[in-house]
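Residue-level listing of the chains:
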Amino acid sequence: MNNRIYNFSAGPCTLPLEVLEEAQAELVDYKGAGMSLIEMSHRGKDFMDVYDETISLTRSIFNVPDDFSVLFLQGGATLQFSMVPMNLLNEGKRAAYVDSGHWARSAITDAESYGDVYVAWDGKDNNYSRMPKTDEIELKDNTTYLHITSNETIGGVRFHEWPEVEVPIVSDMSSDYMSRPIRWKNFGLVYGGVQKNLGPAGLAIVFIRDTLLRDINRNQGKYLRYDIHAEKNSMFNTPPVFPIYIVGKVLKWMSKIGGIHVIERVAEEKARLLYFAIDESNGYYQCPVQKDCRSIMNVVFRLPTPALENEFVKQASLEGLANLKGHRSVGGCRASIYNAMPRDGVETLAAFMDIFQANNPI
Ligand SMILES: *Cc1c(COP(=O)(O)O)cnc(C)c1O
């Protein structure tokens, strides 16, 4: 018996129940060691086994090419907003950014502290309701990378297809990490905090192409240098042992249910159920995002009035459908349906939407 509810939180978010139960069972005495994994040396055999397995699962599930290093870092995706330009944006170069909404703007603001940064496509003109096509992105000379946000967690907008450009793409994939396969040839660096799809907060996974490591800026504190983390296999200092341990379990769960292609198909089906409920509501529910750019992780929608939105969130919560309030900066409602959200939860929400509409006509 358990009394878990359907948690639509945008992050930290719901994790697979079997992962939590397994961690619970192992917590006090890890495999007969007489202590938990989070009390042991991070260089001892028990942790190193978990660590190596987590890296190797990351590589295999996500199909990471051999010429990319996998880094496990702290500081969330937010530290990467600084680390990317600190390492990659050298003197005389500039960096292009797609401004697709809240998280892109956070990345741009931080990058501006470190060098010459410009907006290569501005979503403001469309009220952040879509992503650009490749031919709308305007790159200038001497651009060293193009930064994109694969999925805007707050706006509910995603790149359905990633751009095809001459420069390496750097992508924040925090909120669609491992929900879809990556076409690696487009990318130089991919990063994301794990707390949206893969585990607890406290860990960011960074993939960096080895050719980019050659020219990085070495004139900064060691923790901030990608090349040092790559050389030390992310064991430069004590890594965040608990998140790494849980991510390892989540990856095993992903692989058990069929891997990245199955995960993607299931995610698309879950999203389709909710967008169908929205689109078939005769305008009662409205999604502000252009159809071909709708996120399959964060489904945002409005009701006819803010008062009805409040009522919706309140009543849903009483039905065990929690955390459906939109981000405070945009209002409305948002259902985050990451990998661990069961299809059942999404079906229950879609049914609740129909009932709510019938009970609360305009
Ligand atoms: C949540 C989120 C962030 C911030 O992540 P932290 O790990 O809290 O730093 C950045 N970008 C995107 C797209 C996000 O969804």
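Check the entry above for the structure.
Residues numbered from 1 in each chain as written. Predicted model: local features only at pLDDT ≥ 70, side-chain atom pairs only at ≥ 80, totals over all residues. Heavy atoms only, no water.

Undergrad: For this particular structure, what's the right way to read the environment of Gly259?
TA: Its place among the elements puts Gly259 in the loop between helix H7 (241-256) and helix H8 (260-279). The exposure class assigned to Gly259 is buried, which follows from its relative accessible area of 13%. Taking C-alpha positions, Gly259 is 39 Å from Ala358, a pair spaced 99 residues apart along the chain. (Helix = DSSP H or I, 4+ residues; strand = E, 2+ residues; numbered from the N terminus. Buried < 20%, exposed > 50% of the residue type's maximum accessible area, 1.4 Å probe, protein only.)

Undergrad: So what exactly am I meant to see when it comes to the environment of Glu319 here?
TA: Note that Glu319 resides in the loop between helix H9 (306-318) and strand S12 (321-322). In the structure, Glu319 is positioned 314 residues away from Ile5 in sequence and 8.7 Å away in space, judged by C-alpha atoms.

Undergrad: Quick question: what am I supposed to make of the side chain of Gln80 here?
TA: When you line up the elements, Gln80 lands in helix H3 (residues 76-88). At 2.6 Å, the side chain of Gln80 forms a polar contact with the side chain of Tyr226. With residues near it in sequence (within four places) discarded, Gln80 still touches Leu73, Pro85, Tyr191, Val206 and Tyr226. (Polar contact = N/O pair within 3.5 Å; in protein donor to acceptor, adjacent residues only side chain to side chain. Contact = heavy atoms within 4.5 Å.)

Undergrad: Please clarify how unusual backbone geometry should be interpreted in this entry.
TA: Trans is the prevailing form of peptide bonds, just as negative phi is the prevailing case for residues other than glycine. The omega torsion across Gly11 and Pro12 is -10°, close enough to zero to call that bond cis. Of note in this structure, Asn127 is not a glycine but carries a positive phi near 55°. Structurally, Asn127 is set in the loop between strand S4 (116-122) and strand S5 (143-149). The exposure class assigned to Asn127 is exposed, which follows from its relative accessible area of 66%. Unusually for a residue other than glycine, Asn282 sits at a positive phi of about 55°. Classification of Asn282 as exposed rests on a relative accessible area of 78%.

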